[in-house]
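Below, each chain spelled out in residue letters.
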Amino acid sequence: MSFYIQKSILPFGFIFLYGSGFIFTQYGLQNSSPMAFLGIRFFIAFWILLFIAYFLKVPIPKSKKEFFQIALAGSLTVGTFSIGVFLSISYGVSGALNALIIALQPIIVTFLAQRFLDEEINKRVWLGLIIGFIGVSFVVVSKLDTSFDSILGVFWSIVALLGLSFGSLYQKKYCTGMNLYSGGAIQTLSSTILVIPFLFFEELHINWNGEFLIALFYMAVGVSIGALSLLYIMIKNGEVSKVSSIFYLVPVSAAIVSYFLLGEKMELNVIIGIITVIIGITLINKKDNR
C-alpha cells in the first residue's frame, strides 16, 4: 500500500496542486503586484504551519546548523523559484515559455544528482528525460509567446530554474529528516524574508476582492503547504532525479485544468504532448530487472 501511495497518489496530488497553482497565480496577479502577492502568500503559510507545529507539539530544530540548512533549502526551492517565476511574468514572459524553461529542471537535477548524490542514471532514464522534454514542448508550443521587450524576464526564469534545481538537491542531501510542519514554517518564513527587498522595487497594489482572496488562499494552503509537503515526502523517500521527472507533468496538469476550468481548447499537439510525457516518465521510473 505504501508503495502504491508513493508511486501513484503522492505524484498525482502534487501534479494537480502545483499545476493548477499556475491558474490561480493568474487570478492573483490580476489583482495584486507580484511581490506583494508572493509575500502575503508565504507569510500566511508560515503562520498556518507554525500553528500546526505548536498544536502538535512538534519541536523546532535547536541546532543552528540544521535550522540554517532547512532555511537555505526553502529559500532556494520555494523563495528563489517563486520570485523568479513571478518576476519573469511581470517582465512579459508568457506562462508557456516559463513552463518550457522550468521543464529543463529534471535534466539539470539528474545530471547534478549523478555527480553529487552518486545516484545511478542509466541510458533509459536519459532517454526518458529527453522524451519527456519533447512532450512538454508539444504541450506549450501552441501557447508560446515570445513578444516581450526585455531579456530580464528570461533571466528571472533561469533564476527560478536554478533555484528549484539546486534546492531539490540540497533538500535531498541535508534535509530529509525535516519535519513537514516546523521545517515548513522555517522555509516559508525564510522565503517571506527573501521577498521583502523586492517589495521596494515595485509599485505595490492589492485589490482585496473575492477573486484575489481565493487565489491567495489556494496558493498559500494548496501550493505552499500541500504541494510542497508532497514534494518533500517524495524527495525523502525516492531518488531526487526520478522525483524531478514529475515536473514534466506540471504544464500538462495546467493544460488539463485550463480545459475544465477556463474552457480552453485541448488541441492535438497538447494531446500528443501529454502522451509523450507519460511515455518519458514511464521510462524514467521503470524498475530495473536485476
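Data block above holds the structure.
These numbers were taken from a predicted model, which means no experiment stands behind them.

K.L.:
I'd like a rundown of the environment of F201, residues and numbers included.
P.N.:
In this structure, F201 sits in the loop between helix 8 (180-199) and helix 9 (210-237). Once the C-alpha coordinates of F201 and M35 are considered, the two residues, 166 residues apart in sequence, prove to be 9.2 Å apart.

K.L.:
Outline the nonpolar core, listing residues and values.
P.N.:
By size, the foremost hydrophobic cluster in this structure holds 68 residues, and its most contacted members are F14, Y18, F37 and Y248. The greatest single-element share of this core, amounting to 13 residues, is contributed by helix 9.

K.L.:
Before we move on, could you go through the environment of N269 and cite the residues and values that matter?
P.N.:
By secondary structure assignment, the location of N269 is in helix 12 (residues 268-285). Using a relative accessible area of 17% as the deciding quantity, one classes N269 as buried.

K.L.:
Describe in detail the environment of V223, supporting the description with residues and values.
P.N.:
Structurally, the position occupied by V223 is in helix 9. On the accessibility criterion, V223 (4% relative accessible area) is buried. In this structure, V223 is in contact with L17, Y18, G21, R41, Y218 and L228, ignoring residues within four places of it in sequence.

K.L.:
Now, about the packing of helix 5 (residues 105-116) against helix 6 (residues 123-141): what can you tell me, with residues and values included?
P.N.:
Viewed as axis vectors pointing N to C, helix 5 and helix 6 meet at an angle of 160°, and their least axial separation amounts to 10 Å. In terms of their interaxial angle, helix 5 and helix 6 are classed as roughly antiparallel. Where helix 5 crosses over helix 6, the two elements pack in a sense that is left-handed. Along the contact surface, helix 5 presents P106, I107, T110, F111 and Q114, while helix 6 presents V125, W126, L129 and F133.

K.L.:
Requested: an account of helix 6, with residues and values cited.
P.N.:
End to end, helix 6 covers 27 Å across 19 residues, agreeing with the expected 27 Å (1.5 Å per residue, within 8%). For helix 6, the set of buried residues is R124, V125, G128, L129, I131, G132, G135, V136, V139 and V140. With a side-chain oxygen lying 3.1 Å from the backbone nitrogen of R124, the N-terminal cap of helix 6 falls on N122.

K.L.:
Describe in detail a nonpolar patch on the surface, supporting the description with residues and values.
P.N.:
Together, I130, I134, F138, L268, I271, I272, I275 and I279 make up a nonpolar patch on the protein surface, roughly 700 Å² of accessible area in all. At the level of secondary structure, the elements contributing two or more residues to the nonpolar patch comprise helix 6 and helix 12. Per-element tally for the nonpolar patch: the top contributor is helix 12, with five residues. Looking at where I279 falls in the secondary structure, it is placed in helix 12.

Thresholds applied
- Residues numbered from 1 in each chain as written.
- Predicted model: local features only at pLDDT ≥ 70, side-chain atom pairs only at ≥ 80, totals over all residues.
- Heavy atoms only, no water.
- Helix = DSSP H or I, 4+ residues; strand = E, 2+ residues; numbered from the N terminus.
- Core = buried A, V, L, I, M, F, W, Y, C linked by side-chain atoms within 4.5 Å.
- Buried < 20%, exposed > 50% of the residue type's maximum accessible area, 1.4 Å probe, protein only.
- Contact = heavy atoms within 4.5 Å.
- Axes fitted to C-alpha atoms, helices over the stretch in contact; angles between N-to-C directions.
- Parallel < 35°, antiparallel > 145°, perpendicular 65-115°, else oblique.
- Left-handed = near helix turned anticlockwise from the far one by under 90°.
- Expected span 1.5 Å × (residues − 1).
- Polar contact = N/O pair within 3.5 Å; in protein donor to acceptor, adjacent residues only side chain to side chain.
- Patch = residues over 30% accessible without salt bridge, like charges linked within 9 Å, V, L, I, M, F, W, Y side chains within 5 Å.
- Areas by Shrake-Rupley, 256 points an atom, 1.4 Å probe, with all protein chains shown as cover.
- Salt bridge = Lys/Arg side-chain N within 4 Å of Asp/Glu carboxyl O.

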